[in-house]
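Structural characterization, general
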Amino acid sequence: IYQLKNNAKLDVGVVLLTTHRLIWRDHKNHECCIALSLSQIIYFEEQAAGIGKSAKIVIHLYPVTANKEPGPYQQSKFPYIKLSFKEHGQIEFFRRLTEEMTQKRWETPVPQTISTATGSQTGKTRAVGIVGIERKIEQKRKETEQNISEAFEDLSQLMVKAKEMVELSRSIANKIKDKHGDITEDETIRFKSYLLSMGIANPVTRETHGSGTNYHMQLAKQLGDMLLAPLEERGGMMALTEVYCLVNRARGMELLSPEDLVNACKMFESMQLPLRLRVFDSGVMVVQLQSHSEEEMIASALDNVTDKGSLTSEEFAKLLGLSVLLSKERLLLAEKMGHLCRDDSVEGLRFYPNLF
Amino acid sequence: MSFEWPWQYNFPPFFTLQPNVDTRQKQLAAWCSLALAYCRHHKLYTLDVMESQESPVFNNKKIERKLSTEAIQVVFEELRKKGNLDWLDKNKSRCLVMWRRPEEWGKLIYQWVSKVGMINSVFTLYELSNGDDTEGEEFHGLEEWILLRSFKGVKFF
């Protein structure tokens, strides 16, 4: 290391460059070690080697500050020092020094967190206490959000496709409407039934929903014919699930969706068919004959119960040949009307004639 | 004289709180009168909710039916509304049963006092409830707190 025109005692040694400082270590005297803070360097340049001269790097320094640590020169008269590279390494060193100077890493502030930064994958600093917990929750939430959005990416693709499908079917349906004469009634109905069975709502259906579509009406008529016999067999009442199974088994190929069935059943009354769709308080839906009178049923239920003293819904079902669900509904209805009362115990639910 | 159980006591549905409103009214009325009659018969003045679950009133071992805790609470609430029951503590675990309301007691005592011509004389509470003179009267053995309450309604000097 030279200082201008001053042959330093510092002759042979090793220069080390860190992110914050320039350190010079004497080769002979290992205890001698000088550090120069990089922030002190204003500017540096290189001087090429010449004959008899070695390559040098000249480092211009800031004027010395008051709190400068003790070093070989407490105060230099001269504003720069020269590093002489007698062996080699000057180019590399120059490059590195340039890098460090541009990065100026000594200028980044030390993080204010209490504990030391862990090298976690996310690179977040760990904090203790409530702040830490909050941060963890936030982090978790972000992760979940990301997972969900990733998972649904496929779905959004599907939705885009479905939208196209709906548009297509809508346009075709409109064309059918316009060209009404060109396509036969049959085909129209069939096409619409395909659309409905695919679950794509037909705009024609929506518009005419108040009076019901042709499709549902036809269906209702068909059901009316078909269900009369089974209903008689079962004492005039069938749960909608049973109807669904029967109907689809009979149709074989073109099955009905539950929605279609319900919509068709709702039209029984308006089409003056001898069937009715009925919904109980508990939500159970049944199809029953119009001629089926509820009072009669309840009166007969009361008789049955009085005969046997008391009945559970299973026993009642067996007695009448009804399904357990329907028999329970009937008993509950009788209770609501005050003819029966209940006995709820570990043995099960029994119904007694209301003697109160 | 043993206690006579009403017909409902052996009717299993009696022990299930009926959902049908009309039926429930009748059921609760029957329970109230049963509870009061039982207390009157055995001269019980306080009831503990936990104990009463096991007592023969709410628990019929013969038909293996008993009232659930919720149902017992409903019955007690019904009694309270009628004025026959008072809760001793906030948690509703102990209650005072007045199978005769305090006003009725007051009237009875007054009648007895006038019968024996002792109006305008001084009585101690103890005399009234445990004195030899009152033996055979219904209010003999009446506990102090209910005597006190009965006097609230009636004017005594």
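Please read these numbers as outputs of a predicted model, since none were measured by experiment.

Re the side chain of Gln18 of chain B
Tracing the backbone shows Gln18 of chain B in the segment before helix 1 (21-42). From its side chain, Gln18 of chain B meets the backbone oxygen of Arg342 of chain A in a polar contact 2.7 Å long. With sequence-adjacent residues up to four places away left out, Gln18 of chain B is seen in contact with Glu335, Cys341, Arg342 and Phe356 of chain A together with Pro13, Thr23, Arg24 and Gln27 of chain B.

Overview of the pattern of salt bridges
Counted by the stated rule, this structure contains 11 salt bridges over all chains. Residue Arg141 of chain A is joined to Glu145 of chain A by a salt bridge in which the shortest nitrogen-to-oxygen separation is 3.6 Å. Taken as a pair, Arg141 of chain A and Glu145 of chain A lie in helix 2 (residues 130-178) at a separation of 4 residues, close to a single helical turn. Residue class for Glu145 of chain A comes out partly exposed when judged on its relative accessible area of 47%. Measuring nitrogen to oxygen at the nearest pair gives 3.4 Å for the salt bridge that ties Arg65 of chain B to Glu347 of chain A. Taken together, the residues Arg65 of chain B in strand 3 (residues 65-66) and Glu347 of chain A in the loop between strand 13 (340-345) and strand 14 (348-353) connect one chain to another. Judged by its relative accessible area of 8%, Arg65 of chain B falls in the buried class. Among the ionic contacts, a cluster of salt bridges with common partners joins Glu138, Arg141 and Glu145 of chain A.

Quick notes on the interface of chain A and chain B
Taken together, the contact pairs 15 residues of chain A with 15 residues of chain B. For the chain A and chain B pair, buried surface summed over both sides reaches about 1,300 Å², with 62% attributable to carbon and sulfur atoms. Between the two partners, chain A and chain B, sit 2 salt bridges. Scanning the region where chain A abuts chain B turns up 8 residue pairs in polar contact (both at pLDDT 80 or more). Mapped onto the side of chain A that touches chain B, the elements with two or more residues apiece are helix 10 (324-336), strand 13 and strand 14 of chain A. The element that contributes the greatest number of residues to the side of chain A that touches chain B is strand 13 of chain A, accounting for 5 residues.

What about the confidence of the model for chain A?
Chain-level statistics for chain A give a pLDDT mean of 72 and a share of 69% at 70 or above. Counted against residues more than four places away or in other chains, residues 66-71 of chain A, with its pLDDT under 50, gives 3 contacts.

As for the packing of aromatic side chains
All names here are of chain B. The final tally for this structure, using the stated rule, is 16 aromatic pairs over all chains. Aromatic pair Phe3 and Tyr38: ring centres 5.3 Å apart, planes at 90°, arrangement edge-to-face. You can see Phe3 sitting in the segment before helix 1 and its partner Tyr38 sitting in helix 1, a full 35 residues away along the chain. Among the residues examined, Phe3 registers a relative accessible area of 17% and is labelled buried. Its relative accessible area of 11% is what places Tyr38 among the buried residues.

So, the pairing of strand 10 (residues 275-279) of chain A
Residue and element names in this part refer to chain A. Both strand 10 and strand 11 (residues 285-289) contribute to a ladder of 5 bridges, which runs antiparallel. By the bridge assignment for strand 11, Leu275 is matched with Leu289. Hairpin remark: strand 10 followed by strand 11, antiparallel, with 5 residues in the connecting loop; positive phi at Gly283, about 100°.

A look at the sheet that holds strand 10 of chain A
The strands making up a sheet are joined through hydrogen bonds of the backbone, oriented either antiparallel or parallel. All names here are of chain A. One open sheet accounts for 3 strands, arranged 9-11-10; its pairing is antiparallel. The open sheet has two edge strands, strand 9 (237-239) and strand 10, and neither has a second partner. Looking at each pair of strands side by side, their axes are set apart by 25° on average, direction ignored. Judged from the 3 bridges that link them, strand 9 and strand 11 form a sheet pairing that is antiparallel.

Some points on a nonpolar patch on the surface
All names here are of chain A. Together, Ile148, Phe152, Leu155, Leu158 and Met159 make up a nonpolar patch on the protein surface, roughly 510 Å² of accessible area in all. For Ile148, the location among the structural elements is in helix 2. Judged by its relative accessible area of 44%, Ile148 is partly exposed.

A closer look at unusual backbone geometry
Its identity is not glycine, yet Gln272 of chain A carries a phi of approximately 55°, on the positive side. Inspection of the secondary structure assignment puts Gln272 of chain A in the loop between helix 7 (258-266) and strand 10. Judged by relative accessible area, which is 70%, Gln272 of chain A ranks as exposed. You will see that Glu64 of chain B, though not glycine, has its phi angle at about 55°, which is positive. With respect to the secondary-structure elements, Glu64 of chain B resides in the loop between strand 2 (59-60) and strand 3.

Parameters and conventions
- Residues numbered from 1 in each chain as written.
- Chains lettered and ligands numbered in written order.
- Predicted model: local features only at pLDDT ≥ 70, side-chain atom pairs only at ≥ 80, totals over all residues.
- Heavy atoms only, no water.
- Helix = DSSP H or I, 4+ residues; strand = E, 2+ residues; numbered from the N terminus.
- Polar contact = N/O pair within 3.5 Å; in protein donor to acceptor, adjacent residues only side chain to side chain.
- Contact = heavy atoms within 4.5 Å.
- Salt bridge = Lys/Arg side-chain N within 4 Å of Asp/Glu carboxyl O.
- Buried < 20%, exposed > 50% of the residue type's maximum accessible area, 1.4 Å probe, protein only.
- Buried area = accessible area lost by both parts, 1.4 Å probe.
- pLDDT = per-residue confidence, 0-100.
- Phe/Tyr/Trp six-rings, centres within 6.5 Å; stacked < 30°, edge-to-face > 60°.
- Pairing = 2+ DSSP bridges.
- Axes fitted to C-alpha atoms, helices over the stretch in contact; angles between N-to-C directions.
- Patch = residues over 30% accessible without salt bridge, like charges linked within 9 Å, V, L, I, M, F, W, Y side chains within 5 Å.
- Areas by Shrake-Rupley, 256 points an atom, 1.4 Å probe, with all protein chains shown as cover.

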